[in-house]
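Here are the chains, one letter per residue:
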Amino acid sequence: DSITVFAPATVANVACGFDIFGFAVDNPGDQITLTASPEPGVRIIDIIGDEGRLPREANRNTASIAIQTYLQHINRTDVGVDVVLRKKMPLGSGLGSSAASAVAGVFAINELLNRPLTVRQLIPFAMEGERIACGSAHADNVGPSLLGGFCVIRSYQPLDVIRVNTPASLYCTLVHPDIEVNTKDARFILKNEVSLKNTITQMGNVAGLIAGLMTPDYDLISRSLVDVIIEPVRSILIPEFNEVKQAALENGALGCSISGSGPSMFALCRDPQTAERVGAAMQQAFLSVGISSESYVSEI
Ligand code: HSE
């Protein structure tokens, strides 16, 4: 028995919603193949596309950890499975790379065992993969990678993940500059204290973005794609951040900010033509300081 599944990249935070907002894109993403084995335990047979950088030990790899935690939970440690992971997205990119691997793993094993759990019930196991990869079990990448669409993590304890409707025409431009930012580092530099003033501004934008997506109201989405807490700190890790953001806004993006912990940047756009133009302009801004990049356009 063997199964191959794909799990998509995700844009976490979505400007104002640090650790509580995320949405899935069409591409890039990760692919995993699981093959049942008579020998109990989870083994990584091969990882393709990571330039040898990801751990091959089953108890250190995000995909196998998610699978192991799941098997323990359902009392099936008798199960044996061989894992081949195809990384089809960059590491340390802010595109939810570790989440996609963990999600692909746990989704695939649940299918292979004829779905003992619902897709929603798989989220905590994929979060365990995140804990290993970046020191925090956040769900704003694994939630949307598993469920698709735009998700709100209303609460972590207990876990409460809500899917939010988005406008029929909404596109995301993702630009991944050829530099790396480690999520652990990007979390470490954040301040633990937030002023009341900034909290109020951020809460207004969080509420405004959800209302804008659900109404739908593009102007409200645009006004709400503002982050006064995380972006000012993390943007120093991204060369030309202000110029790239400016290029996106000048070319018609509704808003632009850091994707996850960076260095990728995302922009939301009303239509695919704008999304393509915005991507080209953002890439050009990175290129003006010699940084090459990849650009992806997805429908949300
Ligand atoms: N919400 C997380 C962060 C996403 O910004 O650190 C990391 O992928």
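Please read all numbers here as calculations on a predicted model, not as lab measurements.

It is worth spelling out the UniProt feature "binding site: ATP" (unreviewed entry) in the protein at this point. In this structure's numbering, the residues bearing the UniProt feature "binding site: ATP" (unreviewed entry) are Pro90, Leu91, Gly92, Ser93, Gly94, Leu95, Gly96, Ser97, Ser98, Ala99 and Ala100. Considering the arrangement of structural elements, one finds Gly92 in the loop between strand E4 (80-87) and helix H2 (97-112). What makes Gly92 buried here is the crowd of 21 C-beta atoms within 10 Å. Taking the number of C-beta atoms within 10 Å as the measure of exposure, Gly96 has 34 and is therefore buried.

When the UniProt feature table is mapped to this numbering, "domain: GHMP kinase N-terminal" (unreviewed entry) covers residues 65-149. In residues 65-149, the share of helix is 51% and the share of strand is 9%. The end C-alpha atoms are 25 Å apart.

Taken together, the four strands give an open sheet; going across it, the order is E8-E9-E7-E10, and neighbouring strands pair in antiparallel fashion. The open sheet has two edge strands with one neighbour each: strand E8 (255-258) and strand E10 (293-299). With direction set aside, neighbouring strand axes in the sheet form an average angle of 20°. Pairing analysis gives five bridges linking strand E7 (residues 171-177) to strand E9 (residues 265-269), with the strands arranged antiparallel. The residue bridging Tyr171 from the neighbouring strand is Cys269, located in E9.

Conventions used here
Residues numbered from 1 in each chain as written. Predicted model: local features only at pLDDT ≥ 70, side-chain atom pairs only at ≥ 80, totals over all residues. UniProt positions renumbered as here; feature names shortened; annotations may be inferred. Helix = DSSP H or I, 4+ residues; strand = E, 2+ residues; numbered from the N terminus. Buried ≥ 20, exposed ≤ 12 C-beta atoms within 10 Å, placed from the backbone. Pairing = 2+ DSSP bridges. Axes fitted to C-alpha atoms, helices over the stretch in contact; angles between N-to-C directions.

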